[in-house]
Amino acid sequence: MTNRSFNILFRISFIFAAAFFSLNAYAQSDAQFSQYYQVKNYYNPAAIGTSDLLNIRGGARLQWVGIDNAPKSFAATAEMPIKLFNKRIGVGLLMQQESMGLYNNLTLGLQGGYKLKLFKGELTIGVQLGFINEGFKGTEVILPDGDDYHQNNDEAIPMNDLNGNAFDIGAGVFYTRGIFWGGISMTHLTQPVISLNSDSGDNTMEKNYEFQVGRTLYFMAGCNIPIKNTLFEVMPSMLVKSDFTFTTGEITARLRYNKFLSAGIGYRYDDAVTISLGAEIKGFYIGYAYDYATSAIAKASSGSHEIFAGYALKLDFSEKNKNKHKSIRIL
């Protein structure tokens with residue numbers, strides 16, 4: 001391990017440790033996906049360009065079906081490696097939209113990652129720059145009459161539709177070596193404060209409403225273990241997340257046959273048991289996951305459903321076809 005690599009790792013560790021011990025709890029806006037292993041760069045902006053593939057993924061999640069206004073989430077990601085000044089780097093894009101009750105949010109991000117060789121593997125240091133939009137449907141607020149707990153003129157509850165934007169930053173590190181991958185990241189590093197304004201444009205009677213997005217720390221790891229003399233692979237993985245007031249984690253075990261069909265089971269702490277199915281053929285992927293709640297919410301919901309689809313395209317970084325062309329005389 002070189003002195004340069006050691007210094008880089010030390011600085012990264014210091015940044016994340018400092019962020020860890022200075023956090024307060026604020027509202028979260030990251031969606032939850034049971035197939036987190038399919039959209040790694042949703043959670044970690046450094047999980048980009050880890051193979052010679054252009055990876056595109058898009059999916060939707062219906063959470064707690066049967067409960068009115070339960071969360072509905074959509075995410076789309078793309079990531080790939082490129083060569084810049086003869087150096088391999090990663091680039092990625094992220095879009096996420098979620099509605100939950102009277103709230104909705106939209107996140108857009110551009111990701112970039114610097115790569116270096118470390119311990120016979122590859123370390124990527126990544127950052128995500130973008131913006132986050134938050135909205136509140138105040139016109140759909142219903143306050144009951146005739147009780148001692150609600151006031152129809154409560155100034156703390158907006159009665160008109162509000163919307164606001166803020167600049168957003170995320171960062172992470174991601175390491176791959178052979179069959180192993182893993183990383184640590186933090187979203188909403190600056191804890192952006194979003195000032196909510198009336199959608200109607202009439203702010204003369206509007207109070208000052210703000211929404212602060214809290215930081216969230218993620219740790220993610222997994223591996224692909226071939227079973228000797230078979231076409232099967234065991235693919236365990238885990239995801240731990242914390243806003244430093246509430247911490248939860250999930251583990252998943254998948255079995256894949258011939259890099260084609262996969263099935264798995266997982267457990268999210270004090271929340272749900274998940275089952276998943278997936279298929280890959282000629283670069284195309286489709287996957288489905290079902291969550292059965294293990295908490296009291298199972299009495300009101302039939303579970304959560306999630307589907308992802310995508311495409312992976314092989315990129316050729318060789319020099320053999322560089323500047324290759326045909327003469328117009330023989331076209």
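What counts, and where the lines are drawn
- Residues numbered from 1 in each chain as written.
- Predicted model: local features only at pLDDT ≥ 70, side-chain atom pairs only at ≥ 80, totals over all residues.
- Heavy atoms only, no water.
- pLDDT = per-residue confidence, 0-100.
- Helix = DSSP H or I, 4+ residues; strand = E, 2+ residues; numbered from the N terminus.
- Contact = heavy atoms within 4.5 Å.
- Salt bridge = Lys/Arg side-chain N within 4 Å of Asp/Glu carboxyl O.
- Buried < 20%, exposed > 50% of the residue type's maximum accessible area, 1.4 Å probe, protein only.
- Pairing = 2+ DSSP bridges.
- Phe/Tyr/Trp six-rings, centres within 6.5 Å; stacked < 30°, edge-to-face > 60°.

Summary statistics for the protein chain give a mean pLDDT of 84 and a share of 80% for residues scoring 70 or more. Model confidence for the protein chain, summarised as mean pLDDT per element, is weakest for helix α1 (residues 3-20) at 43 and strongest for strand β14 (residues 261-268) at 97. Overall, residues 3-26 carries pLDDT values under 50, and its contacts beyond four positions in sequence, including any with other chains, amount to 34 contacts. In the model, residues 325-331 has pLDDT below 50 throughout and makes 1 contact with residues more than four positions away in sequence or in other chains.

In this section: the pattern of salt bridges. One pass over the full model with this rule turns up 11 salt bridges. In this structure, Lys115 and Glu122 form a salt bridge, with 3.4 Å as the shortest nitrogen-oxygen distance. Judged on exposure class, the residue Lys115 and its partner Glu122 are both buried. We note a salt bridge from Glu233 to Lys259, for which the minimum N-O separation is 3.4 Å. In this pair, Glu233 is assigned in strand β12 (residues 232-242) and Lys259 in the loop between β13 (247-257) and β14, connecting sequence segments 26 residues apart. Of the residues examined, Glu233 reaches a relative accessible area of 8% and is grouped as buried. Linked through salt bridges whose partners overlap, the residues forming this network are Arg61, Glu250, Arg268, Asp271, Asp291 and Glu306.

Turning to unusual backbone geometry, a few remarks are in order. Residues other than glycine seldom take positive phi values, yet Gln191 does so here, at roughly 45°. With respect to the secondary-structure elements, Gln191 resides in the loop between β7 (180-187) and β8 (193-198). Looking at Gln191, the relative accessible area reads 10%, which means it is buried. Residues other than glycine seldom take positive phi values, yet Asn229 does so here, at roughly 65°. By the secondary structure assignment, Asn229 is in the loop between β11 (225-226) and β12. Judged by relative accessible area, Asn229 falls into the exposed class, the value being 76%.

Before going further, it helps to examine the pairing of strand β5 (residues 121-137). Summarising burial for β5: 12 of the 17 residues are buried, a large majority. Across 16 bridges, the pairing between strand β4 (residues 103-118) and β5 is antiparallel. Looking at β5, one finds that Tyr114 is bridged to Ile125. The hairpin turn running from β4 into β5, its antiparallel successor, is 2 residues long, and Phe119 in that turn takes a positive phi close to 50°. Sheet analysis places β5 next to strand β6 (residues 161-177), joined by 16 bridges and oriented antiparallel. Within β6, the position partnered with Ile132 by the bridge is Ala166.

Moving on, we come to the environment of Gly214. Looking at where Gly214 falls in the secondary structure, it is placed in the loop between β9 (209-212) and β10 (216-223). Residue class for Gly214 comes out buried when judged on its relative accessible area of 1%. Each C-alpha atom of the pair Gly214 and Asp243 lies 7.1 Å from the other, and the pair is 29 residues apart in sequence.

Let's shift gears to the packing of aromatic side chains. According to the stated counting rule, one finds 10 aromatic pairs in the structure shown. A centroid spacing of 5.5 Å and a plane angle of 80° characterise the contact between Phe33 and Tyr42, whose relative ring orientation is edge-to-face. The two residues Phe33 and Tyr42 agree in class, both being buried. Look at Tyr103 and Phe211: their rings are 6.3 Å apart centre to centre, the planes differ by 45°, and that puts the pair in the tilted class. Here Tyr103 is found in strand β4, whereas its partner Phe211 is found in strand β9, with 108 residues between them in sequence. Using a relative accessible area of 41% as the deciding quantity, one classes Tyr103 as partly exposed. On the accessibility criterion, Phe211 (13% relative accessible area) is buried.

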